[in-house]
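# Architecture at a glance
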Amino acid sequence: MSKVVIITGASRGIGRDVAYNLAISGYTIIANYNNSEEKALELKNKLKEKGIEIDIFKANVANKDEIVKLINFVIEKYGKIDVLINNAGISQEKLFTDITDEDFDIMMKTNLYSTFYATRETVKHMLKEKSGCIINISSIYGLTGGSCEVHYSMAKAGINGLTKALAKELGPSNIRVNSIAPGAIDTEMNKDLSEDDWKQIIEETPLMKKGKPIDITRCIKWLIEDEFTTGQVISPNGGLVIT
Ligand code: NAP
């Protein structure tokens with residue numbers, strides 16, 4: 001059987017591009033979504049037209065029980081998970097003092113706790129196989145911090161911490177754990193950026209262009225097939241951030 005890959009948040013944006021292209025490349029895909037059922041169905045049907053079947057599975061990753069249902073569904077159907085891509089995420093721009101308890105709570109649950117719980121549930125099965133690849137989608141803000149995005153930056157920095165610690169623990173079991181920290185990518189998450197905002201970002205970016213979902217997909221494809229990279233935070237960002 002081809003590698004079984006779970007992608008959270010695969011109805012739109014980066015996750016959708018990853019799901020589509022990995023399916024085309026022959027991987028077995030389970031595409032998670034939450035609110036965008038129509039878009040998830042559209043993805044499934046677009047692939048079906050090409051003779052490719054994928055599973056779409058509704059689960060709110062901010063809810064641990066729903067994550068457990070997703071992982072159990074995949075194990076019952078396929079008996080293994082080769083790759084977990086923790087991609088689902090939300091962003092919010094607010095002054096630090098305006099961030100409410102509810103804003104903070106939902107940010108942490110959606111972006112950070114989800115990664116912890118989905119990874120923990122998955123690793124139980126990967127350990128039996130003595131093989132696995134976990135890819136956590138972080139952000140440049142997890143490296144540099146983003147003004148007016150303190151809670152988002154905290155969550156993404158937490159993901160990088162999880163990645164590094166877990167890579168050390170799971171390396172001897174042949175399970176690789178890495179983060180991808182994208183720069184500015186043209187998706188709905190950035191729908192509030194004006195043309196002038198983008199112009200400024202592009203001017204500050206050495207490669208002088210905006211990022212596209214496919215830039216992240218390419219990095220993910222490479223990480224899945226790689227055999228000697230773990231514990232790393234890889235940042236496709238056009239050179240906007242060079243550490
Ligand atoms: P996007 O276009 O807004 O798409 C977000 C995806 O996450 C959607 O498929 C959405 O699904 C899903 N999602 C959100 N909350 C969820 C929940 N509670 N449960 C399950 N799925 C949920 O965002 P994107 O730009 O593709 O971002 C993908 C990841 O990349 C995020 O982790 C983001 O932080 C990270 N990132 C993005 C950028 C960027 O510039 N775009 C930069 C750095 C990092 P539904 O619509 O079905 O709810």
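Read on for an overview of the structure.

## Looking at the side chain of Thr229
Topologically, Thr229 is positioned in the loop between helix 8 (213–225) and strand 7 (233–234). Once residues within four sequence positions are removed from consideration, Thr229 is found in contact with Arg176, Asn178, Trp222, Leu223 and Ile234.

## Brief notes about the site of the ligand
Close contacts around the ligand come from 33 residues, with Ser36, Asn60, Asn87, Tyr152 and Thr187 the closest. One of the backbone nitrogen or oxygen atoms of Val61 is found 3.0 Å away from a nitrogen atom of the ligand. Backbone polar atom of Asn87 to an oxygen atom of the ligand: 2.8 Å apart, as the coordinates give it. Burial of the ligand by the protein chains amounts to 95% of its free accessible area of 900 Å². Among the elements of the structure, helix 1 (13–24), strand 2 (28–33) and helix 6 (150–170) are those that each provide at least two residues to the shell around the ligand.

## Regarding the nonpolar core
In this structure, Ile7, Leu22, Ile29, Ile54, Ile85, Ile135 and Ile220 are the most contacted members of the largest nonpolar core, which totals 31 residues. Elements supplying a minimum of two residues to this core: strand 1 (4–7), helix 1, strand 2, helix 2 (37–48), strand 4 (83–86), strand 5 (132–137) and helix 8. The greatest single-element share of this core, amounting to 6 residues, is contributed by helix 1. If near-sequence neighbours (up to four positions away) are discounted, Ile29 is found in contact with Val5, Ile7, Ala19, Leu22, Ala23, Ile54 and Asp55. Residues Ile6, Ala59, Ala88 and Leu162 belong to the second largest nonpolar core, which totals 25 residues.

## Section: helix 8
With 13 residues, helix 8 ought to run about 18 Å at 1.5 Å a step, and its terminal C-alpha atoms sit 19 Å apart, in line with that. Among the residues making up helix 8, those that are buried are Pro213, Ile216, Thr217, Cys219, Ile220, Leu223 and Ile224. Taken around the axis of helix 8, the buried residues stretch over an arc of 165°, which confines them to a single face. Here the buried face of helix 8 lies against helix 1, strand 4, strand 5, strand 6 (175–180) and strand 7.

Conventions used here
- By convention here, each chain's residues receive numbers from 1 onward along its written sequence.
- With pLDDT at 70 or above as the cut-off, local features in this predicted model cover only qualifying residues; side-chain atom pairs require 80 or more to be listed or tallied, and sums for whole chains, interfaces and linings still use all residues.
- Computation of side-chain values covers all heavy atoms of the structure but excludes hydrogens and water.
- Strands here are runs of E lasting at least two residues and helices are runs of H or I lasting at least four, both read from the DSSP assignment and numbered beginning at the N terminus.
- Contacts are assigned to residue pairs that have any heavy atoms within 4.5 Å of one another.
- The criterion for a residue being near a molecule or strand is simple. One of its heavy atoms has to lie within 4 Å of it.
- Two N or O atoms form a polar contact when they lie within 3.5 Å of each other; inside protein one atom must be a possible hydrogen donor and the other a possible acceptor, and for residues adjacent in sequence the pair counts only when both atoms belong to side chains.
- To be clear on the numbers: accessible area is Shrake-Rupley with a 1.4 Å probe, and residue cover counts the displayed protein chains and nothing else.
- What is meant by a nonpolar core is a set of buried Ala, Val, Leu, Ile, Met, Phe, Trp, Tyr and Cys residues, joined one to another through side-chain atoms within 4.5 Å.
- The rule is simple: take the accessible area with a 1.4 Å probe, protein chains only, and divide by the maximum for that residue type; under 20% is buried, over 50% is exposed, in between is partly exposed.
- Here the expected span of a helix is defined as 1.5 Å times the quantity of residues minus one.
- Of all possible arcs, the one meant is that of the directions from the helix axis to the C-beta atoms.

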